[in-house]
Amino acid sequence: MENPLTITINSNLTLTASFEKVEEPSTVANYLGTKCKEVSYTSIPDANYAEGDYSYYTYGWQSDGTDQNSCVNSYQGVSTEGIDLVKAVLSDAKDKLGQIVPVNTWIFHSQLSNIETICSDYKPFTDDFSCFDLGVIAAATVTQYVLHNGGEFKLSEHFWRDEEQNGNGYKVAYHEYFHIHQNSHKFYFEETQNFGINMSQFSKVDQNKGVNLVGPVWLEEGGAEFTGVWYSSLKEWVDYKEIWTGYLDEARSVISDAASRGDIVSLRDYETRYTIEEVESSQNPTGTPREFAYAYSAGGLAHIYLIKTGKTNLDNVVSNYYLNIAELERDHVGEGYKYAFEKYFGMPIDDFYVEFDEFMLKSREEQISILELN
Ligand SMILES: [Zn+2]
């Protein structure tokens, strides 16, 4: 039951968004601990009430303060450096973005950690008692299946052990924290201060291969990448301009490589994992897969473009869009993200696709100037 969404980026990193699950309230002080010892709930609790297609929940951790907890489970082969890196990110990200669910972190070494130990610790946090395979993994999410125990975050040592990666581990960890931020708010209603789950809509999205509640994949991944790089650069963990100039070149390469086969790239092609799989595999109508990871590179650049052209601002991009998406989705089932996009990113999403696709065909110099990367 792992890996409904696995995306290969730069051919050697795999970013995975996965579905997990859950378990009884325990009392833990507000802390950034080193062991995720106890689950809040041993099974999915009963809803407080149901209304329409929604079931509403108020969780124990909302009132005892443990929604502010982050814990780090680390295993054999993980250096102090890795643990410190994850803790530094969890702490800074909570500060910058807020936190409305407990965050359970699992960090390990792909070769040296013992999978049995990890799985025996991990299983109580999942509702189907599955585990995960050790590998190059950076993954985080909050799903309807695990929400009662908070968000979940997994990271393997590849992301910090290589000095040539230049702070990449911080940026990747921040990116993953942002997925917890995005996906916790998609359930949360600020006014009633509770969480609502519309199960029938979730299965409809799955069946119809529709756009996820939080928005298109390029927005979810690009937003995480933009935010991860932005806040990591403020801490001087990474070089913002260097990273985005690199991503611009990658995105331009996706476009020119595809164009050589008459394959026209649009950001719209990166709305769901199904459409991405199609263009990035031999299912591509041209028979040749596109170069990878435009959802990340162009998705991140799209956020910078929206800000630099004055259509939106940092608060909307990192916060307001997500804080209001649950409400807008309830009012406009299946289309909440479109309303949120228009409200917080300054234009209808369909118009944005046209404008951004045109922008991506401009000269590199012009792009650098518009994005203020010079
Ligand atoms: Zn991601």
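Residues numbered from 1 in each chain as written. Predicted model: local features only at pLDDT ≥ 70, side-chain atom pairs only at ≥ 80, totals over all residues. Heavy atoms only, no water.

A. Focus on the nonpolar core. Ranked by internal contacts, the top residues of the largest apolar core, which has 93 residues, are Leu-155, Trp-218, Tyr-294, Tyr-321, Phe-341, Phe-352 and Phe-356. When residues no more than four places from it in sequence are discounted, the contact partners of Phe-352 are Trp-218, Leu-267, Ala-302, Tyr-305, Leu-306, Phe-341 and Met-347. Among the nonpolar cores identified, the runner-up in size contains 14 residues, and Tyr-75, Trp-106, Phe-125 and Ile-137 belong to it. (Core = buried A, V, L, I, M, F, W, Y, C linked by side-chain atoms within 4.5 Å. Buried < 20%, exposed > 50% of the residue type's maximum accessible area, 1.4 Å probe, protein only. Contact = heavy atoms within 4.5 Å.)

B. Structural view of unusual backbone geometry. Positive phi outside glycine occurs at Lys-209, with the angle close to 55°. Considering the arrangement of structural elements, one finds Lys-209 in the loop between α6 (199-208) and α7 (217-234). For Lys-209, a relative accessible area of 47% gives the class partly exposed. Of note in this structure, Glu-236 is not a glycine but carries a positive phi near 60°. Taking the relative accessible area as the measure of exposure, Glu-236 reaches 72% and is therefore exposed. (Helix = DSSP H or I, 4+ residues; strand = E, 2+ residues; numbered from the N terminus.)

C. Broad picture of the environment of Leu-314. As for its position among the elements, Leu-314 is in helix α11 (residues 314-323). Taking the C-alpha atoms as reference points, Leu-314 and His-303, separated by 11 residues in sequence, lie 9.1 Å from one another. Discounting residues that sit within four places of it in the chain, Leu-314 has contacts with Phe-226, Trp-230, Tyr-231, Ile-307 and Ser-319.

D. Spotlight on the coordination of the zinc ion. Taken together, the protein donors to the zinc ion comprise His-175 (NE2), His-179 (NE2) and Glu-221 (OE), at separations of 2.0 to 2.1 Å. Mapped onto the polypeptide sequence, the residues donating to the zinc ion form the spacing pattern H-x3-H-x41-E. Highlighted residues: His-175 and His-179, both in helix α5 (residues 168-185), separated by four residues, approximately one helical turn. The burial state of His-175 is the same as that of His-179; both residues are buried. (Donors = N, O, S within 2.8 Å, 3.2 Å for Na, K, Ca; no water.)

E. How the structure looks around the packing of α11 against helix α13 (residues 336-345). At their nearest, the axes of α11 and α13 sit 10 Å apart, and the two run at 140° to each other. One finds that α11 runs oblique with respect to α13. As α11 runs across α13, the sense of the crossing is right-handed. Residues Asn-316, Val-317, Asn-320 and Tyr-321 of α11 form the contact with α13, whose participating residues are Tyr-337, Ala-340, Phe-341, Tyr-344 and Phe-345. For the contact of α11 with α13, the residue count by class is seven nonpolar, two polar and no charged. (Axes fitted to C-alpha atoms, helices over the stretch in contact; angles between N-to-C directions. Parallel < 35°, antiparallel > 145°, perpendicular 65-115°, else oblique. Left-handed = near helix turned anticlockwise from the far one by under 90°. Nonpolar A, V, L, I, M, F, W, Y, C, P; charged D, E, K, R; others polar.)

F. Representation of α6 in the model. When α6 is considered as a whole, its buried residues turn out to be Gln-201, Phe-202 and Val-205. Buried residues of α6 fall within an arc of 105° about the axis and therefore sit on the same side. The secondary structure elements touched by the buried residues of α6 are β11 (194-197) and α12 (325-331). Residue Lys-209 follows α6 closely and has a positive phi angle near 55°. (Arc of directions from axis to C-beta.)

G. Structural detail: the packing of α7 against helix α10 (residues 294-308). Close contact between α7 and α10 brings their axes to 7 Å; oriented N to C, the two are set at 75°. By the angle between their directions, the pair α7 and α10 is classed as roughly perpendicular. For the pair α7 and α10, the contacting residues are Val-217, Trp-218, Leu-219, Glu-221, Gly-222, Gly-223, Glu-225 and Phe-226 in the first and Ala-295, Tyr-296, Gly-299, Gly-300, Ala-302, His-303, Ile-304 and Ile-307 in the second. When the residues that make up the contact of α7 with α10 are grouped by side-chain class, the tally is nine nonpolar, five polar and two charged.

H. View of the state of the cysteines. Tallied over the full model, the rule gives one disulfide. Here Cys-119 engages in a disulfide with Cys-131; their sulfurs sit 2.0 Å apart. With the S-S dihedral at roughly -95°, the linkage between Cys-119 and Cys-131 falls on the left-handed side. On the criterion of sequence distance, the pair formed by Cys-119 in helix α3 (residues 115-122) and Cys-131 in the loop between α3 and β8 (138-141) is long-range, its members being 12 residues apart. Residues Cys-119 and Cys-131 agree in their burial class; the two are buried. (Disulfide = S-S within 2.5 Å.)

I. Summary view of the confidence of the model for the chain. Looking at the chain as a whole, its pLDDT mean stands at 88, while 89% of the residues score no less than 70. Taken together, the stretch residues 1-32 has pLDDT below 50 and engages in 117 contacts with residues farther than four places along the chain or on a different chain. (pLDDT = per-residue confidence, 0-100.)

J. Representation of α13 in the model. Listed in full, the buried residues belonging to α13 are Gly-336, Tyr-337, Ala-340, Phe-341, Tyr-344 and Phe-345. The arc that holds the buried residues of α13, viewed along the axis, is 130°, so those residues lie on one side. Buried residues in α13 make contact with α7, α10, α11, α12 and α14 (349-359). Among the residues trailing α13, Gly-346 stands out with phi positive, at a value near 85°.

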